[in-house]
Amino acid sequence: MADRFKHSIQSLSLSSEYINKFIKTQINLSKPPPKLWSDHNNTESFDPYNNGTHILTLNHPILRILDSCTPNLRQFNQIHTQLIVSGIFQHPLTAGRVIKKLSSLEQTFTHALKIFENLETPDAFICNIIMKSYVNFDDPEKGLVFYFDKMVKNGIFTNHYTFPILVKACADLGMVNEGEKIHAHVVKCGFEFDLYSRNVLIHMYSVCYRIHDARKVFDLSSDSDLVTRNTMIDGYVKNGEVNLARCVFDEMPERDVFSWNSMLSGYVGIGDMEEANLLFMDMPSRDIVSWNCLLDGYAKIGNVVSARALFQQMDYRNVVSWNILMALYVRLKDYMECLRLFDCMMQGRDIQPNEAIFMSVLTACAHLGKLDRGKWIHSYIRYSGRIKPDMLLSTALLTMYAKCGEMDLAKEVFAEMPEKSVVSWNSMIMGYGTHGHGEEALETFLEMEKSGVMPNAATFICVLSACTHSGMVLEGWWYFNVMSRVYRIEPKVEHYGCMIDLLGRAGLMKDSEDLIKNMPMDSGPALWGALLSACKTHSNLELGEIVAKRLIERDPDDIGSYVLLSNIYAAQERWDDVEKVRKMMVVNGIRKEAGSSLVQFANSDMWCFPENVSVHKRIMMCSMLSEMGAQIKCQSER
C-alpha cells in the first residue's frame, strides 16, 4: 500500500513537471520569432503590380553574408538553414547566389549539383553557372550532357549566355558535330547575330579545322568588333592560311597587340622570318610575347646569330626567353654555351627555372659529363618544393646519370618514377649497355616486358647495342629475331648496324658480310664502315681492303674510310700503301681535323688540341693517363 502511494506521488510529480514545460513552450511560441537581421535594413520593397508581394533584393542581410563568406560547407550549411527558415531559399535570386557561390570551387561543386536537384524552378542563369563550371573544371562533356538532360528535356528557356558556354565546350572537346547541333539551336533561338555567340562559333570551327565554316559565320554580319576579327585572324593562322589572315589584318579599323602577335606567329609558323621581322619592326607596341615569338622563329630555323642578337636587345626576359635560347644551343650541340646561359640566368636571381630549362641543362650535362652540375640540379628539384618532376624531367635526370656512369643514382630516379614511359626504360637499358653491364640491360628489358610497356624500335637498338658492348653474340641474335617474330618490328638500318658491329667485334667477318649483302634495303656507308672497322680490329687485310675501296668509290669525301684503310696497311707494315692512301687524300682535298679532348681541372674546363697544348699541360695529362691505365690494369688482374 505504501509502495503504491509512493508511486502515485512520483507520477504526480512527473506530470506536474511535464505540464510546467508545456506551459513554458506555449508561452515561447506565442512570442514573435527572433529576428535574424535588424528592421532598419531595407531588404524588401512592396510591388503593388505583383499581387502585393514583396520583392527580394541583394541588400537582404543573409544574401550579403552569403556573398561575403568563403565557400566552406560548414559555414554554408548554417547560412542554408537560415535561408530555409526565412522562406526565401526557393526564390530565383537566392538560388542563383547559392549555386554561384558553391560552383566557384571544384571542392564544393558537387554540393551545388545536389542543391540544384532540389530546386523547384531552376532558370537559365542557374543552369549557365553549372555548365560554365563544368567547362572551367576541364569536364566540358558533362556540361553538354547537363544541357540536353536538364535544360532541353525539362523545357528550361535558354538565354544569350547559354550557347557561348556550350560552343566553348565543343571547341575544347574538338566535337564539331555536336558544335553544329548547338549552332542549329543558336539559329532556332534567334541568337545567330549575337556578337558573343558569333565569336565563339568562329573559334570553335577554327580549332576543329573547319576554317571555311568559320569564315561563313564571320561574314554573317558586318557588325564585328576587335575580338571577332582577332578570332578570325587567329583561326586562319592556326589553319596555315597566313595570307588570308593578313587580308583580315589589313582591313581592321583598329588593332591591338594580340592582332600583331597573331600575324607574327603566323609568319614564324611558316618560317618566313623576313616578313616576320618586318612586321615586328612595324609594331606600335611590343610585349614579351612579341619578342619571344620572333626569338622562337629564329631558333626554329637554327639562326643562332640573329636569335642571340635579338635576345641581347630585350629589355625584359622571362623564363620562356631563356628556355628558347638554351634549347637552341642544345639542338646545335653547343652544350657549353647552354650551361653558360644557365649560370647567367641564375646569377640574376630574377628568373626561377622551370621544367623546360632543366631539361635543356640536364641534356647538356649528360653530353659533357658534368655530373656535379647534374647532382646540383637534382638537389634543387628535390628541395625547392616548387618543381614536381614529371615523366620527361625524370627521364632526362636518369639519362644524365646513366651517361655519366652513375647507374645506381639513375636506378634510384627510375624507381621513384610513378609512371615510366618507353623512353625511360630505353634510357636505363642504354645506360647499362654503354657501360658494359649487358646482363643488367637484358634484365631491365625483361622487367619492361613484365610491366606491360610495349618496346619500340629504339628499345631493340638499345638492347642490341648492350649485347655489342658486352660481346653477347647469341643474345644479340636472339633479340634480333624476337624483334620481328614476336613484336612485328621490321629491322631498320640501325638494327643491322648493331648486328654487324656485334659480329665484327666477335671476329665473325663472313657473317657480317653476308648480313649486309642479304639486307632488304640499301646498306649505306655506315654499315660498310662498321665492317671496315671490324676488319681493322681483327687485321683482316683482304676483306678490309675490298670494303674500304668500295666505300671510297661510293663516298670519296668521307675521311673515315681513308683513315681506316691507312691504319689497316700500317698494321701490316705496308708503308708504301699507306703513302698511296695519304696522297689520294691530298688529291681529293681531304684533310683530317685535329682531335681534341675536354679535360676538367678542378672547376674549369679546357679543350686540348695537339698543336696548342703547352709542355707542362701535356706532361700532366700523360701522367694522369698513365696512372689511370695502371689502375685499370690492376683492376683487371684481380
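Nothing here was measured: the structure is a model prediction, and the numbers come from that model.

### Notes on the overall build of the protein chain
- Broken down by element type, the protein chain carries 34 helices and four strands.
- The proportion of buried residues among the 638 residues of the protein chain is 41%.
- Long-range contacts, defined as pairs at least 24 residues apart, comprise 55% of the intrachain contacts of the protein chain with a sequence gap of at least 6.
- When the accessible surface of the protein chain is split by element, carbon and sulfur atoms take 54% of a total near 36400 Å².

### A look at the nonpolar core
- Counting 153 residues, the largest nonpolar core has I99, M204 and M326 as the members making the most contacts within it.
- Apart from residues no more than four positions distant in its own chain, M204 is found in contact with V167, C170, A171, V176 and G179.
- Judged by nonpolar contacts, the second largest core, of six residues, contains Y562, V578, V581 and M585.

### Remarks on the UniProt feature "repeat: PPR" (unreviewed entry) in the protein chain
- Within the UniProt annotation, "repeat: PPR" (unreviewed entry) is assigned to residues 123–158, 225–255, 256–290, 318–353, 390–420 and 421–455.
- Structurally, residues 318–353 is divided into 75% helix and 0% strand, and its ends, taken at the C-alpha atoms, are 10 Å apart.

### Examining helix α10 (residues 195–207)
- For α10, which comprises 13 residues, the first-to-last C-alpha distance of 19 Å matches the rise-based estimate of 18 Å (1.5 Å per residue) to within 8%.
- Along α10, the residues that are buried comprise S197, R198, N199, V200, L201, I202, M204, Y205 and S206.
- Lining the buried residues of α10 we find α8 (162–173), α9 (176–188), α11 (211–218) and α12 (226–238).
- Positive backbone phi, at 60°, marks Y209, one or two positions downstream of α10.

### As for the packing of aromatic side chains
- Under the defined criterion, the tally for this structure stands at 20 aromatic pairs.
- Ring centres of F280 and W291 lie 5.0 Å apart, and the angle between their planes is 80°; this geometry places the pair in the edge-to-face category. Here the residue F280 occupies a position in helix α15 (residues 273–282), and W291 occupies one in helix α16 (residues 288–300), the gap between them amounting to eleven residues.
- Overall, F280 belongs to the buried group, its relative accessible area being 3%.
- Each ring, one from F445 and one from Y479, has its centre 5.3 Å from the other, and the planes form 85°; the classification is edge-to-face.

### Side note on the confidence of the model for the protein chain
- Averaged over every residue, the pLDDT of the protein chain is 81; the share at 70 or more is 75%.
- Scored below 50 in pLDDT, residues 1–14 shows zero contacts in the model against residues more than four places distant or in partner chains.
- Predicted confidence for residues 24–53 stays below pLDDT 50, and this span has 27 contacts to residues more than four positions away or in other chains.

### Quick look at unusual backbone geometry
- The backbone of D138 shows a phi angle near 60°, a positive value even though the residue is not glycine.
- Tracing the backbone shows D138 in the loop between α6 (124–136) and α7 (140–152).
- What makes D138 exposed here is its relative accessible area of 70%.
- Of note in the backbone geometry, Y209 takes a positive phi value of approximately 60° without being a glycine.
- Examined against the element boundaries, Y209 turns out to sit in the loop between α10 and α11.

Here is what the cut-offs are and how they apply
- Residues numbered from 1 in each chain as written.
- Predicted model: local features only at pLDDT ≥ 70, side-chain atom pairs only at ≥ 80, totals over all residues.
- Heavy atoms only, no water.
- Helix = DSSP H or I, 4+ residues; strand = E, 2+ residues; numbered from the N terminus.
- Buried < 20%, exposed > 50% of the residue type's maximum accessible area, 1.4 Å probe, protein only.
- Contact = heavy atoms within 4.5 Å.
- Areas by Shrake-Rupley, 256 points an atom, 1.4 Å probe, with all protein chains shown as cover.
- Core = buried A, V, L, I, M, F, W, Y, C linked by side-chain atoms within 4.5 Å.
- UniProt positions renumbered as here; feature names shortened; annotations may be inferred.
- Expected span 1.5 Å × (residues − 1).
- Phe/Tyr/Trp six-rings, centres within 6.5 Å; stacked < 30°, edge-to-face > 60°.
- pLDDT = per-residue confidence, 0-100.

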